[in-house]
Amino acid sequence: MAGAGNAIKSLAGFADQAVASATNVALTIVVARQVDPWTLGAFAVAYTLYLVAVGLSRAVASEPLLVRYSHLPPQAHRDGARGSTGMAVLIGLAGGLGMAAVALAVGGAIAEAVVPLGLALPALLLKDAWRFVFLAAGRPGQAIVNDLVWAGAQVLCVGGVLVAGLGQVGWFVAAWGVSALVACVAGAVQAGVAPAPWRAGRWLREHRDLLPGYTVDFVARAGGRNLTLLAVGWVGGLPALAAIRAAEVLFGGLNVVLQAGYLVAIPQAVGAYRRSAAALRTAVAVQSGLLVVLSLGYSAVILLVPDGWGRALVGQSWSIAEEVLLAQALLYTGIAAITGPVVGLRALGDARRSAGVRLLLVPLYVASSVAGAYLAGAAGAVLGLGLAHLVGLVLWIVQFRSLLNPPPSLQGTPMELNEYGRRHRRILAPLILVPVVAAAGGLSWAMIQPTEYRHITELQIPAPSDTASAATAEQSVATFRSLINSPSVVNAVSRDTGVDVAELRAGLSTERPSEDKERGNVVQVVFTGKDQAVVPKVTSVAAATAANELLGPNIERAKANVDGAQAAADERAKAVSDAMASDGLVPDRYRVLIGEITRLKTELIAPNGNRRRGVIARALREREAEQKAIAAEVVPFMMLQNRADQANRSLIDTTAKLRETEARLAQARASIVPLTTEAEAIPKGPVMLRAGAMGAGVGALLAIVVVGLREMLSPRRRGDHRDDRDDQDGRDALDAGDTTAAHRLPSRVV
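Residues numbered from 1 in each chain as written. Predicted model: local features only at pLDDT ≥ 70, side-chain atom pairs only at ≥ 80, totals over all residues. Heavy atoms only, no water.

Mind showing me how you'd approach the overall build of the chain here?
The secondary structure content of the chain amounts to 25 helices and five strands. Residue burial in the chain is summarised as follows: out of 750 residues, 46% are buried. Sequence-distant contacts, at least 24 apart, represent 82% of the contacts inside the chain between residues at least 6 apart. A total of about 35600 Å² of accessible surface is found on the chain, and carbon and sulfur atoms cover 64% of it. (Helix = DSSP H or I, 4+ residues; strand = E, 2+ residues; numbered from the N terminus. Buried < 20%, exposed > 50% of the residue type's maximum accessible area, 1.4 Å probe, protein only. Contact = heavy atoms within 4.5 Å. Areas by Shrake-Rupley, 256 points an atom, 1.4 Å probe, with all protein chains shown as cover.)

In this structure, what is going on with the packing of aromatic side chains? I would like to understand it.
Geometrically, a pair of aromatic rings is defined through the distance of the ring centres and the angle of the planes. All told, the structure shown has seven aromatic pairs when counted by the stated rule. Plain terms: the ring middles of tyrosine 47 and tyrosine 50 are 5.8 Å apart, the flat faces sit at 40° to each other, and that makes the pair tilted. Here tyrosine 47 and its partner tyrosine 50 are both found in helix α2 (residues 37–69), three residues apart, which amounts to about one turn of the helix. Comparing tyrosine 47 with tyrosine 50, the two get one shared label, buried. Taking 5.3 Å as the distance between ring centres and 5° as the angle between the ring planes, the aromatic pair formed by phenylalanine 251 and tyrosine 332 counts as stacked. Pair noted here: phenylalanine 251 is in the loop between α8 (211–250) and α9 (252–275) and tyrosine 332 is in helix α12 (residues 318–347), with a separation of 81 residues, a long-range link. By way of ring pairs, the aromatic residues Tyr47, Tyr50 and Trp176 are connected into one cluster. Above the plane of the ring of tyrosine 214 lies arginine 346, whose end atom (NZ or CZ) is 4.2 Å from the centre. (Phe/Tyr/Trp six-rings, centres within 6.5 Å; stacked < 30°, edge-to-face > 60°. Lys NZ or Arg CZ within 6 Å of the ring centre and 35° of its normal.)

Looking at this structure, I do not really get a nonpolar patch on the surface. What am I missing?
On the surface, a nonpolar cluster with roughly 300 Å² of combined accessible area is contributed by Leu181, Val185 and Val189. Within the element layout of this structure, valine 189 appears in helix α6 (residues 169–191). Overall, the relative accessible area of 65% leaves valine 189 in the exposed class. (Patch = residues over 30% accessible without salt bridge, like charges linked within 9 Å, V, L, I, M, F, W, Y side chains within 5 Å. Salt bridge = Lys/Arg side-chain N within 4 Å of Asp/Glu carboxyl O.)

How should I be thinking about the nonpolar core in this particular structure?
Within the largest apolar cluster, 119 residues are counted, with the highest numbers of intra-cluster contacts made by Tyr50, Leu117, Leu124, Trp130, Trp176, Phe251 and Leu280. Counting residues per element, this core draws most heavily on helix α4 (residues 108–136), at 19 residues. Those residues in contact with leucine 124 that sit more than four places away from it in its chain are Tyr50, Leu117, Trp150, Trp176 and Ala180. Within the second largest apolar cluster, 37 residues are counted, among which are Val477, Ile555, Leu665 and Ile672. (Core = buried A, V, L, I, M, F, W, Y, C linked by side-chain atoms within 4.5 Å.)

Is there a simple way to think about the side chain of threonine 339 in this case?
Locating threonine 339 in the fold gives a position in helix α12. Overall, threonine 339 belongs to the buried group, its relative accessible area being 7%. One polar contact links the side chain of threonine 339 to the main-chain carbonyl oxygen of isoleucine 335, over a distance of 3.0 Å. (Polar contact = N/O pair within 3.5 Å; in protein donor to acceptor, adjacent residues only side chain to side chain.)

Could you clarify how one ought to interpret the environment of isoleucine 461 in this entry?
As for its placement among the helices and strands, isoleucine 461 is situated in the loop between β1 (453–460) and α17 (470–484). Relative accessible area serves as the criterion here: at 2%, isoleucine 461 is assigned to the buried category. Isoleucine 461 sits 12 residues away from alanine 473 along the chain, and the two C-alpha atoms are 8.3 Å apart. Residue contacts for isoleucine 461: discarding those within four places in its chain leaves Ser476, Val477, Phe480, Asn521, Val523 and Leu550.

What is the right way to read the confidence of the model for the chain from this model?
A low pLDDT score tells you not to read the predicted coordinates there in detail. Here the chain averages 75 in pLDDT, while 75% of its residues score no lower than 70. Looking over the chain, one finds the lowest element-wise mean pLDDT in helix α14 (residues 414–417), namely 36, and the highest in α6, namely 90. Considering only residues more than four positions removed or in separate chains, one finds that residues 715–728, a stretch of pLDDT under 50, has 24 contacts. (pLDDT = per-residue confidence, 0-100.)

Explanation requested: the pairing of strand β2 (residues 508–511) in the structure shown.
A regular strand carries its side chains on alternate faces of the sheet. Side chains of β2 alternate between two faces, with Leu508 and Thr510 buried and Ser509 and Glu511 left unburied. As paired elements, β2 and strand β3 (residues 522–529) share four bridges and run antiparallel to each other. Bridging across to β3, glutamate 511 finds its partner in glutamine 524. (Pairing = 2+ DSSP bridges.)

See below:
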């Protein structure tokens, strides 16, 4: 029954993490669809600041609650909940005020997104803290209910913003914060306690042995990941980062499960340790084993995803993500295996060792990923990071076991000192052969693959107009690059060249020239295929077809404008012609009268002939009377003539724009130049090296996981009776109301 209860709680914890992640993802999607890219970047800054704040809040307020107040009597748990949530509110107030002050100084779109976040940060952190309160109490179902309340409030608030037409990013962030406030009130009602920010000092004093280590752990995790990505981007370039990010999107579901598994496992591990050290050892081993199996199954599904599904998920990035998927699967399997020992150290209440391992692994992560990126691009970077996690797995297991089972005295016999080697002697040789055999298999696979050829054609992408800004011109480049892998271009290239659509999708891509020769808006179209004669044709046809797709809609719109202007000009010309036909020579007579009236007025002022003034004045009156008589007939004609002139000018302008757009397309076509006359064969050496390294990595992963699980599942030896006495002391301390003594016992026996 206990096992079934733990399984139900675990599933509820996974569901809670899924709902919490889904609400944040949904908000990001809504904002992305409603704002421009620049404003979306400001929202990304705000969301990154939120992630940093929530990570710090968990390290200081929430994780100590899981470790110290799980499986305690209700009154003790309520006291811990007050302190933890109060600490989260205080962190939110301090961090929110700081964010708002800095954002106001920066101004612009950043201020529009970050200032509302600063005001809402206490509610957002408190909402996250309630999840940990319910998990520590063994009530993950309550956490799901609270997340559903948050989701419902978010739908109403964000929906209200959309209905009201308030498209600014600040309103979306404010709606996010208001929905979190609603969930905070619901959480207080569910838990039956209220946050106590005034107890923050007491919280810091009671958990001062955990907080520095947990904070360093958080900083090392967050900073190590960012440092690794920056280093990989520096060595492998933006394409490597794009491939890694695309692969992470595909593994997003597994990432959610691993996060949930970590949070759910801590209370269960704490409960197991309160029973016995053996129970904790078993719980840790089961946790790692289940997550490893789940990771392998998920990875198998991702590796078998059809190309069509992959492109539907990550678009044109699928072609670059494919080469990273296997290495990414190994990385996540290593992370899954690490989860158990990390949870075990949390349950033992040891923060110092966790922080030490994290700090030790950060330079290893950076160095291994950089070396991999240098040798084999994005796949090598992820593979190097995965191998570093395998080393980390050994360190985590060693630290966990040394704390759970203190080793025999170094003054023991040589047999005691060599006991570890003797225990694993039988499987040591087979395990060493595993990565060797796997590497040989990778090399063999690479050797039997057919030779591939690569060709590059480059062209100049024209800006929409001569007056277009640099950002607009760069947007044209981005649009062209996205069109290269679009179905319309790929299908057209397939028809013209006879190359299979699947092969085109896998091998067709774009690049920008290196910095030392980058000029204007030059883009390189790259294709890798198996037919040396066809590969150059593919790049040329793809470049021309994508250019047509880029400028074709503009030409069609320009032609439509010309047709419309031509029709308007013809219509106005016909109206003028009809008026001339019906009115005869009236318009011409009107123009003649205007000239005669002007001449007579001049002559009246200064006569220059034998005519008398009376004769001139009479003639002027006759002309003016005639002009007045035919004016009513001439004015509509003049209006028609003006409209006809405007239509003709519009026709001239639209025709000029059409010729300009056609000239830009011709310019783009004329700039298509192959960098080499023939496709170049891709050397098999790097491919074999990559395949061998990846095979060795797979073998090493399997070998280390086997050794780690064997070590964790091995029966206890010397020192077990002392552990039993410590466990009994911890339970006695718990009965006496001391919530921290049991967790600090391991530090007395190390």
